[in-house]
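Next come the chains, spelled out residue by residue.
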Amino acid sequence: MKKLIELHHINKSFDDQVILDDFNLYINENEFITLVGPSGCGKTTLLRIIGGLESVDEGQVIFDGKDITKLEPNERTINTVFQKYALFPHLNVYENIAFGLRLKKVNEKEIEELVKWSLKLVNLNNYEDRKIDSLSGGQQQRVAIARAIVNKPKVLLLDEPLGALDLKLRQNMQYELKELQKKLHITFIFVTHDQEEALSMSDTVVVMNSGLIQQIGTPEDIYNEPKNRFVANFIGESNIIRGKYLGDKLVEFENVVFECVDTNFEKDEICDVVIRPEDFDVVSLDKAKLIGIVTDKVFKGVHYELCVDINGKEYIVHTYEEAEINSQLGLAIDPFEIHLMKVPQIEKA
Amino acid sequence: MKKHNIILPLYIIWLIILVLIPFILMLILSFAHTDGLDFSNISFSLTNFKEIIDPVYFDAYANSIILSFLASLICLLLAYPIALTITKFKNNKLKNIILIMFILPMWSNMLLRIIGWETLFQPNSILNYFDISLNLIGSPIAVVIGMVSTYLPFMIFPIYTVLNKIDPAVIEASYDLGATKTQTLRRVIFPLSLPGIYSGITMTFLPSATNFALPERLSAGKINLLGNLINSNFGKTFDYGFGSLLSVILITIIFILTIFINRKDKDGDLLL
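Numbering of residues starts from 1 in every chain and runs along the sequence as written. Written order decides the labels, with chains lettered from A and ligands numbered from 1. With pLDDT at 70 or above as the cut-off, local features in this predicted model cover only qualifying residues; side-chain atom pairs require 80 or more to be listed or tallied, and sums for whole chains, interfaces and linings still use all residues. Computation of side-chain values covers all heavy atoms of the structure but excludes hydrogens and water.

1. Points about the confidence of the model for chain A
Interpretation of the predicted coordinates at a detailed level should be avoided for regions scoring low in pLDDT.
So, step 1. Of the residues in chain A, 99% reach a pLDDT of 70 or more, and the chain-wide mean stands at 91.
So, step 2. Mean pLDDT in chain A bottoms out at helix 9 (residues 345-348) of chain A, which sits at 68, and peaks at helix 2 (residues 93-103) of chain A, which reaches 96. Per residue, pLDDT captures the predictor's confidence, and it can take any value from 0 to 100. Helix numbers and strand numbers start at the N terminus; a helix is a DSSP run of H or I with at least 4 residues, a strand a run of E with at least 2.

Here is the structure:
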């Protein structure tokens, strides 16, 4: 795969507050990459730097082999879908979409064809003459996407584009955006704070916190093998337990020895053990490796969410079967469901 | 809702007594001939209407339109960059200070300001110390300068209000789609600020066209506007019929313009 965008040592501060700290990232051609992280982690700033709407304090933005760090946004072949759509209120749907083409002096006949083509892609046939304020949020979102893709950019930046939509619509749009990306063969850089959205749409997920990359990987990697506590907690729910690696794929936590699959640890090295709530198996007490008391239960639709007290620590367990509060619960974990993380040096001491 | 119910009738009574009844009286008077305030020999005819198309008055109509138009245009050309610059300031405190600087002169008496200009425009003024003699008094330029200086804030504010309300993301979207700064100004910012411009024009053009003290002082009585005509009919020749007709015409023009502005300004929050 060809590298399309390279970010080298990007530094950015606002009023002495560091937003991006020596940030490096490569983005490939035709990739659907998602920047995910809590608000204030620098993901939107990063997107704006790529789009040219924000300058960098230090560092380089390389696009298709060329340094574009100093280029104005109108000089970049990158288009953005803005968080609150940012459609032109004085223009109708047609003119909104034609805006970029008119600046490029495309002839009227071609503009008409392209506008029709892009409206078809976002499923808004025959909306050309509609006024912007007569459209619903979802429709405005589609027009915003059409307005960007009609220019056939090499990269489309999407800044939390689905944030203002209701759940059902958001899920539909997630699917449609993914389809659109496959159809158009352009790179999508998608920013969201919604980890589920990040997992379900992306080829690559970049988890960010405090201006730093916490982990880059496929959605599966990020979910199954989080690198640190932040990622484990931010992406999905996790039980994180301090444990000790005993060597030979054995790990000890809660005073019980478990088989695991990780090997890149020293003997007797302290580590963090991550167990997803759905990875616990509820078993009879005599077969259980861990026994806890159910302290709370919440029905979630597909499953029950149980709070289980094991040796005074609270664990979250997802199970299909109901359990009585205050009853004893036997738990077992398959070796491949146990994920070990390195403990940061500072915490070891 | 309760508050609404108390205020609404009061407002309607206010409108009837102070606006509607006087207007109807003026409408009636515009067909009438009286001896000043003596209504005993009142007679009605259409001669007032014949009189207004008398070429004697054309100068006043033309002056009103041309000078006020010029003044509004200059106000617009000055106000737009000023308003645009103020919106660019990130510091809200600074924004307010600059805005107040433009309001501040309005707190002094308008006549006083006009007399100030009048003295400056005389052949002999304080400017003689700098070897300058403006000697503008009596010229249309003096009247236009007076109008611009008086009504400029009324152009700045509505334009500033609309410009300030434009979503910065929309401007960024324009850059993002390939527009330069100039193209963005022409294709996005300017069209979005049109309601402010319309409202600014009403608020400078109409008072300019109807002012009578300003042209009288700065033109030394040489240039008459519609306002001067009305003033002389009511205050000097006591031709209430003809004065009323001129006033009715003026109100009609204002009314039509206001309807036009309201069409353009759907939010209704631009007129100060």
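2. Some words on the sheet that holds strand 4 (residues 58-63) of chain A
Residues and elements named next belong to chain A.
So, step 1. The pairing criterion for strands is at least two bridges between them, as found by DSSP. Judged by pairing direction, the sheet is antiparallel, and its four strands sit side by side in the order 2-1-4-5 without closing on themselves. Each having just a single partner strand, strand 2 (17-28) and strand 5 (66-67) make up the two edges of the open sheet.
So, step 2. The pairing of strand 1 (residues 3-14) with strand 4 spans five bridges and is classified as antiparallel. Bridged to isoleucine 5 within strand 4 is phenylalanine 63.

3. Some remarks on helix 4 (residues 92-103) of chain B
Residue and element names in this part refer to chain B.
So, step 1. Relative to the 16 Å expected for 12 residues at 1.5 Å per residue, helix 4 spans 17 Å between its end C-alpha atoms, a close match to the ideal helical length.
So, step 2. Of all the positions in helix 4, only Lys95, Ile98 and Leu99 are classed as buried. Along the axis of helix 4, the buried residues cluster in a sector spanning 100 degrees; they form a single face. Residues of helix 4 that are exposed and angled more than 90 degrees away from the buried face: Lys93 and Met101.
So, step 3. Looking at where helix 4 begins, the residue whose side-chain oxygen comes 2.9 Å from the main-chain nitrogen of lysine 93 is asparagine 91. The length a helix should cover is 1.5 Å for every residue beyond the first. Partly exposed describes any residue whose relative accessible area lies between the buried limit of under 20% and the exposed limit of over 50%, with all areas from a 1.4 Å probe on protein chains only and scaled to the type maximum. Read the arc as the range of directions from the helix axis to the C-beta atoms. Two N or O atoms form a polar contact when they lie within 3.5 Å of each other; inside protein one atom must be a possible hydrogen donor and the other a possible acceptor, and for residues adjacent in sequence the pair counts only when both atoms belong to side chains.

4. Some points on the interface of chain B and chain A
So, step 1. It only takes one pair of heavy atoms within 4.5 Å for two residues to be counted as in contact. In this complex, chain B contributes 17 residues to the contact, which on the side of chain A involves 20 residues.
So, step 2. For this document, the term salt bridge refers to a Lys or Arg side-chain nitrogen within 4 Å of an Asp or Glu carboxyl oxygen. Counting every contact that joins chain B to chain A gives one salt bridge.
So, step 3. Taking the shortest distance from any N to any O, the salt bridge between arginine 48 of chain A and glutamate 172 of chain B comes out at 2.6 Å.
So, step 4. Applying the counting rule to chain B against chain A returns five residue pairs in polar contact (both at pLDDT 80 or more).
So, step 5. Broken down by element, the side of chain B that touches chain A gets its largest block of residues, seven residues, from helix 7 (residues 168-176) of chain B.
So, step 6. Note on residue classes: Ala, Val, Leu, Ile, Met, Phe, Trp, Tyr, Cys and Pro are nonpolar, Asp, Glu, Lys and Arg are charged, and everything else, Gly too, is polar. Residues that form the side of chain B that touches chain A fall into these classes: nine nonpolar, four polar and four charged.

5. Thoughts on the nonpolar core
So, step 1. Core analysis: the biggest nonpolar cluster contains 50 residues, and Phe88 and Phe99 of chain A together with Ile159 and Leu163 of chain B have the highest contact counts within it.
So, step 2. When contributions to this core are tallied by element, the ones reaching two or more residues are helix 2 of chain A together with helix 3 (58-88), helix 4, helix 5 (110-121), helix 6 (140-165), helix 7, helix 8 (181-210) and helix 9 (213-218) of chain B.
So, step 3. Counting residues per element, this core draws most heavily on helix 6 of chain B, which supplies 12 residues.
So, step 4. Look past the residues within four positions of leucine 163 of chain B in its chain and what remains in contact with it is Tyr80, Ala83, Leu84, Thr87, Ile189 and Ser193 of chain B. Joining through side-chain atoms within 4.5 Å is the link that ties buried Ala, Val, Leu, Ile, Met, Phe, Trp, Tyr and Cys residues into a set, and such a set is a nonpolar core.

6. Let's talk about the sheet that holds strand 3 (residues 32-36) of chain A
Residue and element names in this part refer to chain A.
So, step 1. Read across the open sheet, the six strands follow the order 6-7-8-3-9-10; overall the sheet is mixed. Pairing within the sheet leaves two strands with one partner each, and these edge strands are strand 6 (78-81) and strand 10 (212-217). The sheet shows a mean angle of 20 degrees between the axes of neighbouring strands, taken without regard to direction.
So, step 2. The sheet contact formed by strand 3 and strand 8 (residues 187-192) spans five bridges and is parallel. Among the inter-strand pairings, threonine 34 is bridged to a residue of strand 8, identified as phenylalanine 190.
So, step 3. To get an axis, fit a line to the C-alpha atoms, keeping to the stretch in contact for a helix; angles then go from 0 to 180 degrees between the N-to-C directions. Seen against the sheet, helix 4 (residues 137-149) touches strand 6 and strand 7 (155-159) and runs at an angle of roughly 175 degrees to strand 6.

7. So, helix 2 of chain A
So, step 1. In terms of residue burial, helix 2 of chain A counts as a mostly covered element, since nine of its 11 residues are buried.
So, step 2. Check the buried side of helix 2 of chain A and you find it contacts helix 3 (108-121) and helix 4 of chain A together with helix 7 and helix 8 of chain B.
So, step 3. Taking the backbone nitrogen of tyrosine 94 of chain A as reference, a side-chain oxygen 3.2 Å away marks asparagine 92 of chain A as the first, capping residue of helix 2 of chain A.
So, step 4. Two residues or fewer past helix 2 of chain A, lysine 105 of chain A is found with a positive phi of approximately 60 degrees.

8. A closer look at the pattern of salt bridges
Residue and element names in this part refer to chain A.
So, step 1. In the structure shown here, the tally under the stated rule is 21 salt bridges over all chains.
So, step 2. A salt bridge links lysine 2 to aspartate 64; the nearest nitrogen and oxygen atoms lie 3.0 Å apart. Of the two residues, lysine 2 is situated in the segment before strand 1 and aspartate 64 in the loop between strand 4 and strand 5; the sequence distance between them amounts to 62 residues.
So, step 3. Residue aspartate 64 is classed as partly exposed on the basis of its relative accessible area of 21%.
So, step 4. Glutamate 54 is the salt-bridge partner of arginine 48, the closest N and O atoms lying 2.9 Å from each other.
So, step 5. The class of arginine 48 is partly exposed, set by a relative accessible area of 22%.

9. Some remarks on the packing of aromatic side chains
So, step 1. Stacked, tilted and edge-to-face are the three classes assigned to paired rings of Phe, Tyr and Trp, where Trp is represented by its six-membered ring and a pair needs centres within 6.5 Å; plane angles under 30 degrees give stacked, over 60 edge-to-face, the rest tilted. All told, the structure shown has 15 aromatic pairs over all chains when counted by the stated rule.
So, step 2. A centroid spacing of 4.3 Å and a plane angle of 35 degrees characterise the contact between phenylalanine 88 of chain A and phenylalanine 99 of chain A, whose relative ring orientation is tilted. One end of the pair, phenylalanine 88 of chain A, is in the loop between strand 6 and helix 2; the other, phenylalanine 99 of chain A, is in helix 2, with 11 residues separating them in the sequence.
So, step 3. When the ring of phenylalanine 31 of chain B is compared with that of phenylalanine 49 of chain B, the centres are 5.2 Å apart and the planes differ by 40 degrees; the resulting orientation is tilted.

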